[in-house]
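If you want the building blocks of each chain, they are given just below.
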Amino acid sequence: MESMKYTVLLVDDEKLDQRLTIQALAKVRFTQRIQFKVETAETLSEAIRLLGEKSYDVILLDLGLPDSQGLASVKEVRTANLQSPVIVLTGLADEELGLEAIKEGADDYVIKGDYLEHVLVRIIRYAIKRKEVEEKLRRANEKLKEDDELKNEFISMVSHELRTPLSIFKNVISNALAGVFGQMSRKLRDNLDMMDENVDRLGRIIDNFLDISKIEAGRMEINRLDLNLSTLVCEVVESFRRFAEDKGVELQGVNPEAELIVNADRDKIIQVLTNLIGNAMKYVPARKARISVYVKDLGNEVEVDVEDNGVGIDKDDIGKIFQRFTRIEKTAAETHGTGLGLSISKQLIEMQDGRIWVESTPEQGSTFCFALPKSKTKEQSYNREKQDSVV
Ligand code: ADP
């Protein structure tokens, strides 16, 4: 049977200690079929030079070197060589130092004089194995990151490519519905209406894919401005008015009179609200459906609640719905969706220092809420105005 061969860099300036270590390693050769090829360095600078020239399976490092004392040596060796395990050699009185060395990046320590060869060899083998596993994990992680970036690029590219033909379809359908191509039968008009709705739906799916790939690649831009959340919520609620009436949903917006200023990205807030109200529209009952949107002043924050009397969400599912691609089985079959809307909303709100959550009772309804901090600039100018009036 062939024996395993390891190369060792022994960094120690004490000749006697060097000899003891080499002897301990030599004994292993006969008992465990492991061979160590040992090279020595007597100073830290020599060790660093050798590490720059070649790699070793393991580094045994004494902490009392002529040109470096204590933990500083561990840091320097680690910086010079990330891959090989470093085992610190300490004196009996210095066991604490061994533990400190591990915090600084050493893989293990061994007390000099404890050189029962099997102790030494076990420590070396474990350290090497651990490093190999760490290295495998690091490589696998890197590969995952690369794959993830590739996936994001792919999604982004495909989504952009799909947008162009889609906008051509949309134009043709709109022109046809507007009568540009002449009269058409009722049946054709109904079919074109249906196509129009589906083109819009496909557009929303593509936009969701684009958004999620931008967020994951850290490329989502947030352009914050001071805005009155009360008025913005009103505008979005009104944009749903026709749709709600067509669906027979009672939709109301409950806003305080006061200005509630947040420093946020207008388009992104519209996107979140559209998602929350759009979802509520999907999950309300066919009869006696009700959706209310409240804006509340919490002092330091402004809260927006979208309350519906729909199917509700089971307690077990509440923790999942803000994760991407989550669709709840109970409702997934009856409605269309990608399971991305809430995950995007959560990230958009959190990117603006806000929070988002849901409260729900199955079969009774859900309230999706988000809160954004009030604008500081507004507060400062408000405080200044108050001070001015006191003077
Ligand atoms: P999508 O609506 O495209 O499926 P979302 O991320 O917006 O994706 O929502 C995820 C899931 O959360 C939905 O599939 C649905 O199961 C559940 N959900 C969202 N809003 C509501 C709501 N108002 N009432 C009940 N369930 C909801």
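Here the structure is a predicted model, which is why all the values come from computation and not from measurement.

Engineer: Talk me through the pairing of strand β1 (residues 4-11); I want residue IDs and the actual numbers.
Structural biologist: Across 8 bridges, the pairing between β1 and strand β2 (residues 34-41) is parallel. Counted as the bridge partner of Lys5 is Gln35 from β2. Looking at chain direction, β1 and strand β3 (residues 58-62) are connected through 4 bridges and run parallel. Each residue of the ladder has a partner; that of Leu9, found in β3, is Ile59.

Engineer: How would you sum up unusual backbone geometry? Please name residues and give values.
Structural biologist: In terms of backbone geometry, most residues other than glycine have negative phi values and most peptide bonds are trans. In the Ramachandran plot, Phe325 falls in the positive-phi region, its phi being about 65° despite a non-glycine side chain. Of note in the backbone geometry, Asp353 takes a positive phi value of approximately 65° without being a glycine. Note that Asp353 resides in the loop between α12 (341-350) and β13 (355-361). For Asp353, a relative accessible area of 52% corresponds to the exposed category.

Engineer: Residue-level account of the site of the ligand, with values.
Structural biologist: Around the ligand sit 22 residues in total, of which Asn279, Lys282, Asp308, Arg327 and Leu342 are the nearest. Take Lys282: an N or O atom from its side chain is 2.8 Å from an oxygen atom of the ligand. A distance of 3.4 Å separates an oxygen atom of the ligand from a polar atom in the side chain of Tyr283. For the ligand, whose unbound accessible area comes to 530 Å², protein coverage reaches 97%. Secondary-structure elements contributing two or more residues to the shell around the ligand are α9 (266-283), α12 and β14 (365-373). The biggest single contributor to the shell around the ligand is α9, with 5 residues.

What counts as what
Residues numbered from 1 in each chain as written. Predicted model: local features only at pLDDT ≥ 70, side-chain atom pairs only at ≥ 80, totals over all residues. Heavy atoms only, no water. Pairing = 2+ DSSP bridges. Helix = DSSP H or I, 4+ residues; strand = E, 2+ residues; numbered from the N terminus. Buried < 20%, exposed > 50% of the residue type's maximum accessible area, 1.4 Å probe, protein only. Near = heavy atom within 4 Å. Polar contact = N/O pair within 3.5 Å; in protein donor to acceptor, adjacent residues only side chain to side chain. Areas by Shrake-Rupley, 256 points an atom, 1.4 Å probe, with all protein chains shown as cover.

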